[in-house]
Amino acid sequence: MLRYLTRLTLLSLFTIASIGLAAAGTIDPRIFDKFDRIAVNKNDNPDPTPGVRVVVQLKSNSLITTTDQSPEELAETCQAGQIAFMDALRQNGLATLNKTNGQDPFEVVQMLDYQNAVAGYALTRKTVKTLAEMPQVAAVELDVLNKMFTVEGRNLTGSTQVANSGYTGAGVGVAVIDSNYDLLHPELGGSTSLPNSVVKGGYNFSSNNNSIHSRNMNDCYHGTGTASIVRRYATQSDIYALVVFPNAYDSNIAAAINWCVTNRNGVGGGAPIRVISMSLGGGRYNGSCNSGVVHTAAGNALSNGIIVVAASGNDGWTSSTASPSCSSNVISVGSVWDQNNAGYSPFPPAYCSDNNRLVDERTCYTNTSSVLDLYAPSEEVMCARCGGGTAPLGGTSSACPAAAGMIAQLLDFNNGYAGNKSAVVNLFKNTGASVIGDSGKKRINILAAIGGTDGGDGGDGGDGGDGGDGGDCTGTSYTGSLNGANDSDAQPNGTYYNAGSGPHRGTLVGPNGTDFDLYLYKWNGSWQRVASSTSPSSNESISYNGSAGYYYWKVESYSGSGSYTLCLDTP
């Protein structure tokens, strides 16, 4: 049943953004846990800057979303809020304008381009509490430090046959967000002067745009391997090499995704960026993890025609995955053995054993859950070795770039799938091979996908919900009418509602011959779209399991006009 605070219109919510909903910002309890661990063990802090690195989520008094603005307009909006926040920091004594020595109580290190957020180091617990009490602040979150997911399958998936048919990823840019890269390796262009023949551009977000190139094995084995796997599948794709390790904080990963949006049309003469591959992650989530700066950055990328792919992780969990693979704005990828008795030695963190390894069987280490989208081959993938030559790389780290490479092949075949996460996932599910040990899940078969595709239907922006046919209403029904393309209604009855954690279900039934779409938004300092259903008809459905907070639904006409019925069943 819907639970209302008051019957306010959406317009009136603009005026209460800084009062009714603007009580003290929430504080992520992991921040104080981090302070405790550092107090006990100084080595628990992985970088030399004192304090705990946090992300400050700022409030917004606008309902504008990433789909309503160009990236440039969005960046301008975010920058205005960040500048105001910096002024407030100085007024509260947390930052100085002209610092001569020492560290500020809140040391700003990252102002994100497309998220209303700022990352920095909070020197003390008191600093964190002061930040949360500032009226501009919605939440103070731990800036999570992510880890690498370390690790042929091209014949198994049909990728070689597809490439031989001419679909090599030509005209598609793939950004790899990872560690340093051996740019002298022939598989990565053989030159540190960019653009080279393979890598068209890059940036080091871990260390203030220092070189992305390295031949130190500890620094570059992972990035070199994952980038080369993309190219071994999509042999003519252009690579964009982005470094976030060793300082792979959420804010740096989000900044790397933002770079892809800013440079979405390509740099260095390279192809437009259409895919991002991330063999990294952290945390443990039983379902979706649809909050935080990486989730919003991935949603913004999706809205700008870029599909984000992430590895599920190597802990061996059967009902959990790591972030960001659990984000509904990301295609999450697990791994299967690429042949019977594939070469394998147990590795951390799972350290699992499987003495009867079967082709297309879920690897014992791969994380999976209800939100895992697809599988790709792994263990052990031969790829470029930092310093020259080749070496095997195992784990979901190698499955993720394999999937990214096959998506690039699909986009080479039909660019209509660009930015359409739902269509790509559904195509691969409908044409994929069954996975042993994970009933209902599919391993990508790119040859079958291209042989059976009908061409896709264009981008859909953020995902996060399940599209479907209208059904019997088990909740509360609302009616409305739309007057042509781009007209929209907010529901229920032009307002928002407050709900506890749990499932939000919406079923839309509209007129025949029209195309109405359904979206669900949640307040996270600004209204953010968390789920959508955008089929070519006006029968849409969403099922979204959300945390407690404020929500509203939007019914929008892509084409056509007429009356509709919306059934809502919420916590």
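Residues numbered from 1 in each chain as written. Predicted model: local features only at pLDDT ≥ 70, side-chain atom pairs only at ≥ 80, totals over all residues. Heavy atoms only, no water.

Caption draft 1: Region of interest: the sheet that holds strand β6 (residues 147–148). Spatially, β6-β11-β13 is the arrangement adopted by the three strands of the open sheet, whose pairing is antiparallel. In this open sheet, the two strands that pair with only one neighbour each are β6 and β13 (321–323). Taken together, the two bridges between strand β11 (residues 280–285) and β13 define a ladder with antiparallel strand orientation. Residue pairing in the sheet places Tyr285 in a bridge with Thr321 of β13. (Pairing = 2+ DSSP bridges. Helix = DSSP H or I, 4+ residues; strand = E, 2+ residues; numbered from the N terminus.)

Caption draft 2: A look at the state of the cysteines. Evaluated as defined, the whole model comprises three disulfides. Note on cysteine connectivity: Cys220 is disulfide-linked to Cys386, with sulfurs 1.6 Å apart. With Cys220 in helix α7 (residues 217–233) and Cys386 in the loop between β16 (381–384) and β17 (390–393), the pair connects residues that are 166 residues apart, well separated along the chain. Each member of the pair, Cys220 as well as Cys386, is classed as buried. Across the disulfide from Cys289 sits Cys326; the S-S distance is 2.0 Å. Here the disulfide of Cys289 and Cys326 is right-handed, its torsion about the S-S bond being about 100°. (Disulfide = S-S within 2.5 Å. Buried < 20%, exposed > 50% of the residue type's maximum accessible area, 1.4 Å probe, protein only.)

Caption draft 3: Structural context of the packing of α7 against helix α10 (residues 396–413). Packing of α7 against α10 brings their axes to within 7 Å, and their N-to-C directions diverge by 35°. In this structure, α7 crosses over α10, and the sense of that crossing is right-handed. Counting all contacts with α7, which are made through His222, Thr226, Ile229, Val230 and Tyr233, the residues of α10 involved are Ser397, Ser398, Pro401, Ala402, Ala404, Gly405, Met406 and Gln409. (Axes fitted to C-alpha atoms, helices over the stretch in contact; angles between N-to-C directions. Left-handed = near helix turned anticlockwise from the far one by under 90°. Contact = heavy atoms within 4.5 Å.)

Caption draft 4: Looking closely at the pattern of salt bridges. According to the stated counting rule, one finds 10 salt bridges in the structure shown. Asp28 is the partner of Arg30 in a salt bridge, and the nearest nitrogen-oxygen pair spans 2.8 Å. Arg30 sits in the partly exposed class, given a relative accessible area of 37%. According to the relative accessible area criterion, Asp28 is buried, its value standing at 12%. A salt bridge links Arg264 to Glu72; the nearest nitrogen and oxygen atoms lie 3.4 Å apart. For Arg264, a relative accessible area of 16% translates into the label buried. Look at Glu72 and you get partly exposed, because its relative accessible area is 46%. (Salt bridge = Lys/Arg side-chain N within 4 Å of Asp/Glu carboxyl O.)

Caption draft 5: Just the packing of helix α2 (residues 29–40) against helix α4 (residues 125–133), in detail. Interaxial distance between α2 and α4 falls to 10 Å at its minimum, and their mutual angle equals 165°. Classified by the angle their axes make, α2 and α4 are roughly antiparallel. Crossing of α2 over α4 shows right-handed handedness. Between α2, through Ile31, Phe32, Phe35 and Asp36, and α4, the contact on the second element is made entirely by Arg125, Val128 and Lys129. (Parallel < 35°, antiparallel > 145°, perpendicular 65-115°, else oblique.)

Caption draft 6: Layout of helix α3 (residues 71–91). An ideal rise of 1.5 Å per residue puts 30 Å on 21 residues; α3 measures up with 30 Å between its terminal C-alpha atoms. Within the span of α3, buried status applies to Pro71, Leu74, Cys78, Gln82, Phe85, Met86, Ala88 and Leu89. Viewed along the axis of α3, the buried residues span an arc of 160°, placing them on a single side of the element. Away from the buried face of α3 by more than 90 degrees, exposed residues Glu76 and Gln91 are located. With its phi angle positive at about 75°, Gly93 sits one or two positions after the end of α3. (Expected span 1.5 Å × (residues − 1). Arc of directions from axis to C-beta.)

Caption draft 7: Looking closely at the sheet that holds strand β26 (residues 539–546). Sheet architecture is open: four strands sit in the order β20-β28-β23-β26, paired in antiparallel fashion. Looking at the sheet topology across the chains shown, the edges are occupied by β20 (476–483) and β26. Strand after strand, the sheet turns through a mean of 20° between neighbouring axes, direction not considered. Sheet analysis places β20 next to strand β28 (residues 561–569), joined by eight bridges and oriented antiparallel. Directly across from Gly480, in β28, lies its bridge partner Tyr564.

Caption draft 8: View of the packing of aromatic side chains. If you walk through the whole model with that rule in mind, you get 13 aromatic pairs. Look at Tyr240 and Trp259: their rings are 6.2 Å apart centre to centre, the planes differ by 55°, and that puts the pair in the tilted class. Here Tyr240 is found in strand β9 (residues 238–243), whereas its partner Trp259 is found in helix α8 (residues 250–262), with 19 residues between them in sequence. Grouping aromatic residues by their ring pairs yields a cluster made of Trp337, Tyr344, Phe347 and Tyr365. Geometry around Trp337 places Arg357 over its ring, the cationic atom sitting 5.8 Å from the centre. Over the face of the ring belonging to Tyr519 we find Lys554, whose NZ or CZ atom lies 5.8 Å from the ring centre. (Phe/Tyr/Trp six-rings, centres within 6.5 Å; stacked < 30°, edge-to-face > 60°. Lys NZ or Arg CZ within 6 Å of the ring centre and 35° of its normal.)

Caption draft 9: Region of interest: unusual backbone geometry. Cis peptide bonds are those with omega within 30 degrees of zero, and the linkage from Phe245 to Pro246 qualifies with 10°. Summarising the element assignment, Pro246 is placed in the loop between β9 and α8. In this structure, the amide linkage connecting Ser323 to the following residue, Pro324, adopts the cis form with an omega of 10°. Topologically, Pro324 is positioned in the loop between β13 and β14 (331–337).

Caption draft 10: A look at the pairing of strand β15 (residues 374–378). For β15, the tally of buried residues reaches five of five residues, placing the bulk of the element in the interior. By the alternation rule, side chains of β15 split into Leu374, Ala376 and Ser378 and Tyr375 and Pro377, which are all buried. When β14 meets β15, the two strands line up parallel, connected through five bridges. The partner of Ser335 across the bridge, within β15, is Ala376.

Caption draft 11: Region of the structure containing the nonpolar core. Judged by nonpolar contacts, the single largest core of 53 residues is most densely connected at Ile407 and Phe428. A per-element tally of this core places α10 first, with 10 residues. Residues in contact with Ile407, not counting those within four places in the same chain, are Val275, Ile307, Val309, Ile331, Val424 and Phe428. By size, the runner-up hydrophobic cluster in this structure holds 36 residues, among which are Ile253, Trp259, Met278 and Val294. (Core = buried A, V, L, I, M, F, W, Y, C linked by side-chain atoms within 4.5 Å.)

Caption draft 12: Fine view of the confidence of the model for the protein chain. The share of residues in the protein chain with pLDDT of 70 or more is 88%, and the mean pLDDT across the chain is 86. Every residue in residues 1–22 is under pLDDT 50, and counting partners more than four places away or in other chains gives 52 contacts. Considering only residues more than four positions removed or in separate chains, one finds that residues 452–471, a stretch of pLDDT under 50, has 68 contacts. (pLDDT = per-residue confidence, 0-100.)

Caption draft 13: Looking closely at the side chain of Thr368. Its place among the elements puts Thr368 in the loop between β14 and β15. Looking at Thr368, its side chain comes within polar contact range of the side chain of Asp438, at 2.6 Å. (Polar contact = N/O pair within 3.5 Å; in protein donor to acceptor, adjacent residues only side chain to side chain.)

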